[in-house]
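Each chain, letter by letter, is given below.
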Amino acid sequence: MLGFGRARKAAVAGAVVLAVLGGGMRGADASTEGVSREDVVIRDTLIAAQESLLNVYRCRFGIDVTTVRGGCSDGLPTGGFSQPGEFAGVPTAGDLAVRDELVAAQESVLNVYRCRFDYEVDRRLLPQGCPAPPAPVAVPPGPPLDFDWLAMLDDSDWQPPRGLLTPTGIPVAVAGIVDGGFAVVTPCGNLSTVSTGRPLTGVRVVIDPGHGGRYDVGAVGPNRLAERDLNLTLSEAVLAELADRGIPAISTRTGDYGTLLSVRAGLADALGAEALVSIHHNAPTFVTGRRPGTEVYVQSVSAQQPRPDSARLGGMLHEEITRALSGFDNVAWSRLPDAGVLRVLQANGNDAYGMISRPTVPAVLIEYGYLSNPSEAALFATDEYIRVAAKATANAIESYLNSNRPSAVSVQRPRVFDPSPAPRVCDEVALE
Ligand SMILES: [Zn+2]
């Protein structure tokens, strides 16, 4: 999924919750067990307000949308806000206990959403704040991590590498040599220094696992599979396939941390890669059918013309991936009518997506399928899917690099769309 939707209604619904919480729990018309009807009504009102807010978050971020009664339209719950039910009978302590449990359960789901999207919603409502982000996954040490760059500096022909894998396994572009090591561009786009690293040289392909970190989860499936994790798993499998074929390739992201689009594109450009392939899974779900709704976005040379190398790579990827995914039986695929090899242009005629417009090297962005669709989300959670999708992706990249074969798939009429900007909030990770 690329970018988030609209709507500022969440904050309004948040205020409703606070107002109800502040309303007190004591009632005047006491009855059995000292429980009043008002105690029940206050809780039912709170429950309805919480449910409304949950549904606003679900629709806005394309998460758990299958739990929204009536679904979502235009980024908001189709059925409007939930209303409290009528309470009949004599209220008991049991009636309150059931409601208190539900209130607590809803509150904890709300807090999960607030922390997940805290760059724009309601994080201040959490008394203890949000849990710390998970540490990046360190890449197991490979062959020579250190190299004697000081000695190399004596050799006047020696140039610093254009990129490094830092000691914690973070791939970075090198900006220059400084006292004590290398000046590098961090995943969040700042300049920092590392003392050493494994040089990234001779890289032909850069794989980009879309999203990452707590501010940029991407789509989330009804099975709770997060796009940032799925993209990373698939990217690692693609890298393993490319390594088997002797194609030197690296990833823009090696763990669950945020990295800016400009940094991802800049790394591929710094390394002078022959291809940059960005890996994504789509949302929301559209009508379902029997063919995969795989979309591959390619670059433009002008509003009228696709860039030939990007279009050839994109065509080969679309062909291999849709053929491979069609082998999975009993999947109700989501699909838009113009799914295929596409350009997505802003109204001003420029490429809409940052991972397409920014790189100078030939780039494509793949939406393999719809993570928001329960049928596809179940498939994407399997090792078999990762194996099949990775192999198809590597097949296409290999043909692109090692042949002059034209693509059998042509680029369709451009889709015009102005996406919301990608999150720019970013937590730095340790580089060593
Ligand atoms: Zn995405």
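Summing up its helical and strand segments, the chain has ten helices and 17 strands in all. Looking at the chain residue by residue over its 432 residues, the buried ones come to 45%.

What follows is about helix H7 (residues 308–325). A rise of 1.5 Å per residue sets the reference length of H7, with its 18 residues, at 26 Å; its end C-alpha atoms lie 25 Å apart and thus fit the reference within 8%. By the criterion of burial, H7 is predominantly enclosed, with 15 of the 18 residues buried.

To continue, consider the environment of Pro-167. Mapped onto the secondary structure, Pro-167 falls in the loop between strand E3 (163–165) and strand E4 (171–178). Residue class for Pro-167 comes out partly exposed when judged on the 19 C-beta atoms lying within 10 Å of it. When the C-alpha atoms of Pro-167 and Glu-432 are compared, they prove to be 4.9 Å apart, with 265 residues separating the residues in sequence.

With that settled, the discussion passes to the pairing of strand E8 (residues 205–209). The element E8 is extensively covered by neighbouring structure, given that five of its five residues are classed as buried. Of the two faces of E8, both are covered, the one formed by Val-205, Ile-207 and Pro-209 as well as the one formed by Val-206 and Asp-208. Here three bridges tie E8 to strand E9 (residues 249–251), and the two strands are oriented parallel to one another. Counted as the bridge partner of Val-205 is Ala-249 from E9. The parallel pair E8 and E9 is bridged by helix H5 (residues 227–244), and the resulting crossover is right-handed.

This brings us to the pairing of strand E12 (residues 295–298). Both faces of E12 are covered, namely the face carrying Glu-295 and Tyr-297 and the face carrying Val-296 and Val-298. Two strands pair when backbone bridges link them, and E12 and strand E16 (residues 363–370) are joined in this way by four bridges, in the antiparallel orientation. Counterpart to Tyr-297 in the pairing with E16 is Leu-365.

Compared with an ideal rise of 1.5 Å per residue, which puts 20 residues at 28 Å, helix H10 (residues 383–402) spans 28 Å between its outermost C-alpha atoms and is within 8% of the ideal. Considered for burial, the residues of H10 that qualify are Tyr-385, Ala-389, Ala-390, Ala-392, Thr-393, Ala-394, Ala-396, Ile-397 and Tyr-400. In this fold, the buried residues of H10 make contact with E8, H5, strand E10 (275–282), H7, E16 and helix H9 (374–380).

Another point: the nonpolar core. Among the nonpolar cores identified, the biggest contains 95 residues, and Val-205, Val-206, Val-277, Tyr-297, Val-364 and Ile-366 are the most heavily contacted of them. With nine residues, the single largest contributor to this core is helix H2 (residues 37–61). Residues from two domains meet in this core; each of domain 1 (9–125) and domain 2 (149–416) gives at least three.

Pairing is antiparallel in the open sheet, where five strands are placed in the order E6-E5-E4-E3-E7. The open sheet is flanked by strand E6 (191–194) and strand E7 (198–199), the only strands paired with a single partner. Contacts from helix H6 (residues 261–271) reach E3, E4 and strand E5 (181–185), with the element oriented near 65° to E4.

Here we come to the sheet that holds E12. Ordered by their spatial adjacency, six strands build an open sheet running E9-E8-E10-E16-E12-E14, and the pairing between neighbours is mixed. Edge positions in the open sheet fall to E9 and strand E14 (341–342), since each of these has one partner strand only. The pairing of E12 with E14 spans two bridges and is parallel. In the sheet register, Tyr-297 faces E14, and the bridge partner there is Leu-342.

Another aspect to go through is the packing of H7 against H10. Running from amino to carboxyl end, H7 crosses H10 at an angle of 150°, the nearest separation of the two axes being 8 Å. By the criterion of interaxial angle, the relationship of H7 to H10 is roughly antiparallel. Crossing angle aside, the handedness with which H7 passes H10 is right-handed. Mapping the contact onto sequence places Arg-312, Leu-313, Met-316, Leu-317, Glu-320, Ile-321 and Ala-324 in H7 and Val-388, Ala-389, Lys-391, Ala-392, Thr-393, Asn-395, Ala-396, Ser-399 and Tyr-400 in H10.

Before going further, it helps to examine the confidence of the model for the chain. On average, the chain scores 83 in pLDDT, and the residues at 70 or more come to 82%. Every residue in residues 3–30 is under pLDDT 50, and counting partners more than four places away or in other chains gives 52 contacts. Below pLDDT 50 for its whole length, residues 136–146 participates in 19 contacts with residues either more than four positions away or in separate chains.

Let's shift gears to unusual backbone geometry. Cis peptide bonds are those with omega within 30 degrees of zero, and the linkage from Ala-283 to Pro-284 qualifies with -5°. Looking at the secondary structure, you find Pro-284 in the loop between E10 and strand E11 (288–289). For His-211, which is not glycine, the phi dihedral falls at a positive 65°. Overall, the presence of 27 C-beta atoms within 10 Å leaves His-211 in the buried class.

The next point concerns the packing of H5 against H10. Two numbers describe how H5 lies on H10: the axes approach to 8 Å, and their chain directions differ by 50°. In terms of axis orientation, H5 runs oblique to H10. In the crossing of H5 with H10, the sense of the turn from one axis to the other is right-handed. The segment H5 lies against H10, with Thr-233, Leu-234, Ala-237, Val-238, Glu-241 and Leu-242 engaging Ile-386, Arg-387, Ala-389, Ala-390, Lys-391, Thr-393, Ala-394 and Ile-397. The residue makeup of the contact of H5 with H10, split by class, is nine nonpolar, two polar and three charged.

When you line up the elements, Asp-208 lands in strand E8. Asp-208 gets classed as buried once you count the C-beta atoms within 10 Å, which come to 27. Between the alpha carbons of Asp-208 and His-280 there is a distance of 8.9 Å; along the sequence they are 72 residues apart. Ignoring sequence-local partners within four residues, the contact set of Asp-208 consists of Thr-252, Arg-264, Leu-276, Val-277, Ser-278, Ile-279 and Met-355.

What counts as what
Residues numbered from 1 in each chain as written. Predicted model: local features only at pLDDT ≥ 70, side-chain atom pairs only at ≥ 80, totals over all residues. Helix = DSSP H or I, 4+ residues; strand = E, 2+ residues; numbered from the N terminus. Buried ≥ 20, exposed ≤ 12 C-beta atoms within 10 Å, placed from the backbone. Expected span 1.5 Å × (residues − 1). Pairing = 2+ DSSP bridges. Right-handed = clockwise from strand over helix to strand, strands pointing away. Contact = placed C-beta atoms within 7 Å. Core = buried A, V, L, I, M, F, W, Y, C linked by C-beta atoms within 7 Å. Domains from an automatic or database assignment. Axes fitted to C-alpha atoms, helices over the stretch in contact; angles between N-to-C directions. Parallel < 35°, antiparallel > 145°, perpendicular 65-115°, else oblique. Left-handed = near helix turned anticlockwise from the far one by under 90°. pLDDT = per-residue confidence, 0-100. Nonpolar A, V, L, I, M, F, W, Y, C, P; charged D, E, K, R; others polar.

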